[in-house]
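Single-letter residue listing:
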Amino acid sequence: MATFIDLLLNALVIGILLGGFYAALSIGLSITFGLLDVVNIAHPTILVLGAFIAYILNTSLGIDPILAGLIATPFFFVFGWLIYQVYYNAFEKSGSESLRGLAFFFGLLFIIEVGLIIQFGVDHRLVEAPYIGESWNIVIGEEIDVAIPFRLLVAFVVAAIATLAIQVYLTRTFFGRAVRAVAQDMMALRLMGVDPIRVKRIAFALGVATAGIGGALMIIVLPIEPSVGRLYIGNVFAIVVLGGLGSISGTLLAAVIIGIAESIVATFFGPSWSPAVSFGILLAVLALRPEGLFGKTAGAH
Amino acid sequence: MKYMFEIVCLLLIVGIFVLTQVISNQFYFFIGFVILQYMVLATAWNILGGYAGYVNFGSAGFLATGAYTSVALINFLDIGLIEQMIIGGAMAGLLGLITGYLTLRLRGVYFAIATLALAIILETVVAHWDYVGGAAGTSILPKRKPELFDIMIVDRKTGVFANYKEYLFFLMGTVAVLSVWIARYIEQSKLGRGLNAIKDSEEAAECMGVPTLRLKLIATTISGAMMGVAGAPLASYLTFIDPLSAFNLEYAVNAIAMPMIGGTVSWMGPVIGALLLGTAQQVSSLWIQSELNLLIVGVLLVVFVIIAPEGIVGWFRKSRQGSRR
């Protein structure tokens, strides 16, 4: 019994930390998909690209991965800017974004993934930092102690700060409010004399820019290989939809739910089942409650 | 002539049969099978993606459903290839129906994400299912000296086909011709027009009395079943199957890229796309590393989606209209 409680407690703690980490991965998509309605299915793969940039900066220059993520952020901002520019001109302007836009992002996902495979191969890569590999043990009782791995704790703290910053930015600043206004009523914004496309472009770039930090956290938490992006699609989309599209606090809560579910399944059934958890939750949410737990309607007619 | 197309289809099947009897170099059947398989896959994808505008990211999941159904059937009953393809198709069709039921009440984007989710869940389940080989995979020995209605099908001396590669090529060729026929039939029928109306505006179609949900369910079922049929002989073709090869992303990407590049508006698009891309990939894989090959497919997909939204077919139509003016 004591071992069961021990396992459960550890799974819960890991799950919560994992949830914070997932929130950092999902926050960008919550902006691009949730608020702007651009189905950036390549987002997890762009995160993997961020992870590889952190890897290069870490192994060649010895830069701390989180710092490397911060350095990469402006580049991802520009990258996102360019993606939206192409996306808008090719699809959104003519209103043909649904089918072709999806295919565009799928192609983008694929190009980045295969490009990374050609460059780095399919081996797992990892970074070095003082907090990786260490953990903090809290002894609670006989046979019950909770281990908190520092790498997850670091990811959790950084994710919490990033999420909070974005939340404040979206609710307190003029531009942040403009982004939410775009999500609510583009036409009204246009009538107020604001160019909604400019707002969307910057917001999209911001969403992609989170891949700098998110990618760095990704490689801190687990070793990376190019195709893991696809597995994270389940996590991030499940979280964004479950959290109610575009709701940042909902995203955080949904991320913790997914994190705990995954961690419990991994503890009691084995980690090879974890992809099925997030994708299963995603399917269930889509089928049963597309409006998410805490937000606006996802897309029912 | 009313039945012109049907006659061409029959002639094609006969032609494919003649090819298996005339050509002795097995290599052509080996790569021909893959190209034909892609043709079925692309045609199936286009019924939903091209006609109705619902993108399926999980083509590999449907294909693998067919493939693993036949692995289970071989282990359990030891039945022949044709039966495997029928049952594999039925299972994948059922899967398509279920997927449709779960997600088609939502906007198309969610359908796309749901299909992807479905493929990965299936892959995880199959990787844990030891009866069909689990994550490590299993090797499949095709049945020796199969017979159909007392006719020896595959035998070096007395069979209709000298070996399995020829038989598989013939079967896949027949399926490819049939699926193109089905796609063309749908395109010209009431179903196709209904799906097209859904693509243009689902609300408007609904208001005009188009039974949108029912049409979409029919489309997901047919599309899924066709993919399953294409996947069923995979294990016999490779003589080995594991989740990695059956759920390969290559299938999902090609299933989208081929119709998109060929043109999604007509049945010809996927056929042209599959012939061009499939042949190019098979031939170039002899001297280019396969990742580079896939990168080219990805780039082509993106470029075509941006600059030639109607694909090669649309391109030709446009230039023909232009010259008429």
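Residues numbered from 1 in each chain as written. Chains lettered and ligands numbered in written order. Predicted model: local features only at pLDDT ≥ 70, side-chain atom pairs only at ≥ 80, totals over all residues.

Of the regular secondary structure elements, chain B holds 15 helices and 4 strands. Expected size for 325 residues packed as a compact globule is a radius of gyration near 20 Å; at 20 Å, chain B falls within 12% of this value. Counting over 325 residues, chain B shows a buried share of 52%. For chain B, the proportion of contacts with a sequence separation of at least 24, taken over those separated by at least 6, is 77%. (Helix = DSSP H or I, 4+ residues; strand = E, 2+ residues; numbered from the N terminus. Rg over C-alpha atoms; globule rule 2.2 N^0.38 Å. Buried ≥ 20, exposed ≤ 12 C-beta atoms within 10 Å, placed from the backbone. Contact = placed C-beta atoms within 7 Å.)

With that settled, the discussion passes to the overall build of chain A. If you tally the helices and strands in chain A, you get 11 helices and 2 strands. Helices and strands in chain A line up, N terminus first, as α-α-α-α-β-β-α-α-α-α-α-α-α. The globule rule puts the C-alpha radius of gyration for 301 residues at 19 Å, and the 19 Å found for chain A is close to it. Principal axes of the C-alpha set define a box for chain A whose edges measure 65 × 45 × 35 Å. Evaluated residue by residue, chain A yields a buried proportion of 52% over its 301 residues. Restricting the contact set of chain A to residue pairs at least 6 apart, pairs at least 24 apart contribute 77%.

Let us look at the confidence of the model for chain A. Residues and elements named next belong to chain A. Confidence in the prediction for chain A averages 84 pLDDT; 94% of positions are at 70 or higher. For chain A, per-element mean pLDDT is lowest for strand β1 (residues 135-141), which scores 73, and highest for helix α2 (residues 43-61), which scores 91. Per-residue pLDDT stays below 50 along residues 297-301; that stretch engages in 17 contacts with residues further than four places along the chain or on separate chains. (pLDDT = per-residue confidence, 0-100.)

This paragraph deals with the interface of chain B and chain A. In this assembly, 39 residues from chain B lie in contact with 37 residues from chain A. Those elements that provide at least two residues to the side of chain B that touches chain A are α4 (81-103), α5 (108-127), α8 (202-207), α12 (249-262) and α14 (290-307) of chain B. Grouping the constituent residues of the side of chain B that touches chain A by class yields 28 nonpolar, 6 polar and 5 charged. (Nonpolar A, V, L, I, M, F, W, Y, C, P; charged D, E, K, R; others polar.)

All names here are of chain B. With respect to the element layout, Ile312 can be found in helix α15 (residues 311-324). Each C-alpha atom of the pair Ile312 and Ile272 lies 8.1 Å from the other, and the pair is 40 residues apart in sequence. If sequence neighbours within four positions are ignored, Ile312 has contacts with Ile261, Gly262, Gly263 and Ile272.

Residue and element names in this part refer to chain B. Contact geometry of helix α1 (residues 4-22) with helix α6 (residues 164-188) gives a least axis separation of 9 Å together with a crossing angle of 170°. In terms of their interaxial angle, α1 and α6 are classed as roughly antiparallel. Along the contact surface, α1 presents Phe5, Cys9, Leu12, Ile13, Ile16, Phe17 and Thr20, while α6 presents Glu166, Phe169, Phe170, Gly173, Thr174, Val177, Trp181 and Arg184. Residue composition of the contact of α1 with α6, grouped by class: 10 nonpolar, 3 polar and 2 charged. (Axes fitted to C-alpha atoms, helices over the stretch in contact; angles between N-to-C directions. Parallel < 35°, antiparallel > 145°, perpendicular 65-115°, else oblique.)

Residues and elements named next belong to chain B. Relative to the 26 Å expected for 18 residues at 1.5 Å per residue, helix α3 (residues 59-76) spans 26 Å between its end C-alpha atoms, a close match to the ideal helical length. With 14 of 18 residues buried, α3 is to be regarded as a mostly interior element. One or two residues past the end of α3 sits Asp78, with phi positive at roughly 60°. (Expected span 1.5 Å × (residues − 1).)

Here we come to the packing of helix α5 (residues 150-172) of chain A against helix α6 (residues 174-184) of chain A. Residues and elements named next belong to chain A. Where α5 contacts α6, the two axes come as close as 5 Å, and the packing angle between them is 80°. The pairing of α5 with α6 is recorded here as roughly perpendicular in orientation. Across the interface between the two elements, Tyr169, Leu170, Thr171 and Arg172 from α5 touch Gly176, Val179 and Arg180 from α6. Among the residues making up the contact of α5 with α6, the classes are represented as 3 nonpolar, 2 polar and 2 charged.

Attention shifts here to the nonpolar core. Soluble, globular proteins show a tendency: their nonpolar side chains are buried together. Counting 212 residues, the largest nonpolar core has Phe21(A), Leu217(A) and Leu41(B) as its most contacted members. For Phe21(A), the residues in contact, after removing those within four places along its chain, are Leu152(A), Ala155(A), Phe156(A), Ala159(A), Leu217(A) and Val221(A). (Core = buried A, V, L, I, M, F, W, Y, C linked by C-beta atoms within 7 Å.)

So, on to the confidence of the model for chain B. This prediction gives chain B a mean pLDDT of 84; 93% of its residues lie at or above 70. On the interface metric, ipTM, the complex scores 0.81, and its pTM is 0.86.

Right, let's get into helix α9 (residues 228-242) of chain A. All names here are of chain A. The terminal C-alpha atoms of α9, which comprises 15 residues, lie 22 Å apart, in line with the 21 Å expected from a rise of 1.5 Å per residue. Within α9, 13 of the 15 residues are buried, which leaves the element mostly enclosed by the surrounding structure. Phi turns positive, to about 80°, at Gly244, one or two residues after α9.

In this model, Asp37(A) sits at a positive phi of 65°, which is unusual for a non-glycine residue. Within the fold, Asp37(A) resides in the loop between α1 (2-35) and α2. The exposure class of Asp37(A) is partly exposed, given the 17 C-beta atoms found within 10 Å. Here the phi dihedral of Thr239(B) falls at roughly 55°; this positive angle occurs in a residue that is not glycine. Mapped onto the fold, Thr239(B) is located in the loop between α10 (234-238) and β4 (240-241). Residue classification places Thr239(B) among the exposed residues on the basis of 11 C-beta atoms within 10 Å.

Here we take up the environment of Thr267(A). Residue and element names in this part refer to chain A. As for its position among the elements, Thr267 is in helix α10 (residues 248-269). Overall, the presence of 16 C-beta atoms within 10 Å leaves Thr267 in the partly exposed class. Residues Thr267 and Val114, 153 residues apart in the sequence, show an inter-C-alpha distance of 32 Å. The contact partners of Thr267, leaving out residues within four places of it in the chain, are Leu7 and Ala11.

A few words now on the environment of Ser135(A). Residue and element names in this part refer to chain A. Structurally, Ser135 is set in strand β1. Along the sequence, Ser135 and Ser227 sit 92 residues apart, while their C-alpha atoms lie 28 Å from each other. Once you skip the residues sitting within four places of it in the chain, Ser135 turns out to touch Ala147, Ile148, Pro149 and Phe150.

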